[in-house]
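Here's the letter readout for the chains.
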Amino acid sequence: MNVIHFINAFFSDGAHWHGYDGIPTRVFQHIQYSLLALAVAAAIGLPLGLLTGHTGRGGNILASIATAARALPSFGLLVLMFVLLGFGLLPVMIPLVVLAIPPILVTTYEAVRSVDPSPVDAARGMGMPESRILFQVEVPVALPLILSGLRSAAIQIVSTATIAAYVSFGGVGRYIIDGLYQYNYEKVVGGATLVAVMALATLAVFWAVARITVSPGVRRRG
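Definitions and cut-offs
Residues numbered from 1 in each chain as written. Predicted model: local features only at pLDDT ≥ 70, side-chain atom pairs only at ≥ 80, totals over all residues. Heavy atoms only, no water. Helix = DSSP H or I, 4+ residues; strand = E, 2+ residues; numbered from the N terminus. Buried < 20%, exposed > 50% of the residue type's maximum accessible area, 1.4 Å probe, protein only. Contact = heavy atoms within 4.5 Å. Areas by Shrake-Rupley, 256 points an atom, 1.4 Å probe, with all protein chains shown as cover. Lys, Arg positive; Asp, Glu negative; His and termini not counted. Charge placed at Lys NZ, Arg CZ, Asp CG, Glu CD. Salt bridge = Lys/Arg side-chain N within 4 Å of Asp/Glu carboxyl O. Phe/Tyr/Trp six-rings, centres within 6.5 Å; stacked < 30°, edge-to-face > 60°. Axes fitted to C-alpha atoms, helices over the stretch in contact; angles between N-to-C directions. Parallel < 35°, antiparallel > 145°, perpendicular 65-115°, else oblique. Left-handed = near helix turned anticlockwise from the far one by under 90°. Nonpolar A, V, L, I, M, F, W, Y, C, P; charged D, E, K, R; others polar.

## Here's the deal with the overall build of the protein
Then step 1. In terms of helices and strands, the protein carries 10 helices and 0 strands.
Then step 2. Written out in order from the N terminus, the α and β elements of the protein read α-α-α-α-α-α-α-α-α-α.
Then step 3. Here the C-alpha coordinates of the protein stretch approximately 65 × 40 × 25 Å along the principal axes.
Then step 4. Sorting the 222 residues of the protein into buried and exposed places 46% on the buried side.
Then step 5. Here the analysis covers contacts within the protein between residues at least 6 apart in sequence; of these, 74% occur between residues at least 24 apart.
Then step 6. Working note: accessible area of the protein is about 11,700 Å², and carbon and sulfur atoms make up 68% of it.
Then step 7. Separation of charge centres in the protein, based on 13 positive and 9 negative side chains, amounts to 7 Å.

Below, the structure written as structure tokens:
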């Protein structure tokens, strides 16, 4: 039996579309975990990236933090948090947030540092406060790169949130984990397909956000 057959069998089975283990429920759970993890990571990474990028200080520290965070195995961290904290949402969120912070933090820093210094110097010469320089001069120009960091983090979260199923949480990962235990490869392939579709949908969402929020002049320069 080939992959296409498994995919067709999974999605054509009406039992997979209803109830607590149905596709709509599992996808909704997966989206909830992913959005929460992305929101927390952005709340940490964006302010730090903007501040260090604007001041030009802390670049080496950011690189060290990003390298250390990327070296941590998400599954190992999940198991460790589960042992230390027990069952709950927190042990699931910590590995996802740790995974997502580095691309947001480093990309935001680099995006602000890459802004042409001429308009920044002109704004300072006009007496504009530093906060206005950051948000009215630097951020609009740096926005495409900032969004790319958020997009990268979001895709990593969506792909990795399947590990929540290892500690009996829901989400699309349940199909993969349960399918492996049951030797039900229809479920495994169906779950993997859902993850891939959600990752592609994430790309589409960020493309739309960029089209709406990034000014046409900045897009043309990019």
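Past the structure itself, the notes keep going.
## Comments concerning unusual backbone geometry
Then step 1. Despite not being glycine, Tyr 183 shows a phi value in the positive range, around 55°.
Then step 2. Position of Tyr 183 relative to the elements: it lies in the loop between helix H8 (173-182) and helix H9 (185-213).

## Focus: the pattern of salt bridges
Then step 1. Enumeration according to the criterion identifies 4 salt bridges in this entry.
Then step 2. When the shortest N-O distance is used, the salt bridge between Lys 187 and Asp 21 registers 3.9 Å. On the criterion of sequence distance, the pair formed by Lys 187 in helix H9 and Asp 21 in the loop between helix H1 (3-12) and helix H2 (23-55) is long-range, its members being 166 residues apart.
Then step 3. The exposure class of Lys 187 is buried, given its relative accessible area of 12%.

## Digging into the packing of aromatic side chains
Then step 1. Under the defined criterion, the tally for this structure stands at 3 aromatic pairs.
Then step 2. Judged by centre distance (5.2 Å) and plane angle (80°), the rings of Phe 10 and Tyr 175 are edge-to-face. A residue pair is termed long-range when its members are at least 10 positions apart, and Phe 10 in helix H1 and Tyr 175 in helix H8 qualify at 165 residues.
Then step 3. A relative accessible area of 0% places Phe 10 in the buried class.
Then step 4. On the basis of an interplanar angle of 50° and a centroid distance of 6.3 Å, the ring pair of Phe 11 and Trp 17 is categorised as tilted.
Then step 5. Taking the relative accessible area as the measure of exposure, Phe 11 reaches 25% and is therefore partly exposed.
Then step 6. Through a chain of ring-to-ring contacts, the aromatic side chains of Phe 10, Phe 11, Trp 17 and Tyr 175 assemble into a single cluster.

## Points about the side chain of Glu 138
Then step 1. You can see Glu 138 is positioned in helix H7 (residues 130-160).
Then step 2. For the buried Glu 138, no salt bridge is present, and the opposite-charge side chain at shortest range is Arg 124, 5.3 Å distant.
Then step 3. Not counting chain neighbours up to four residues away, the residues in contact with Glu 138 comprise His 54, Val 112, Val 115, Val 120 and Ile 133.

## A look at the packing of helix H5 (residues 90-113) against H7
To describe two helices that pack against each other, one gives the angle between their axes and the distance between the axes.
Then step 1. Two elements in contact, H5 and H7, have axes whose closest approach is 8 Å; the angle formed by their N-to-C orientations is 155°. When the axis of H5 is compared with that of H7, the two are roughly antiparallel. As H5 runs across H7, the sense of the crossing is right-handed.
Then step 2. The residue inventory of the contact of H5 with H7, partitioned by class, reads 14 nonpolar, 7 polar and 1 charged.

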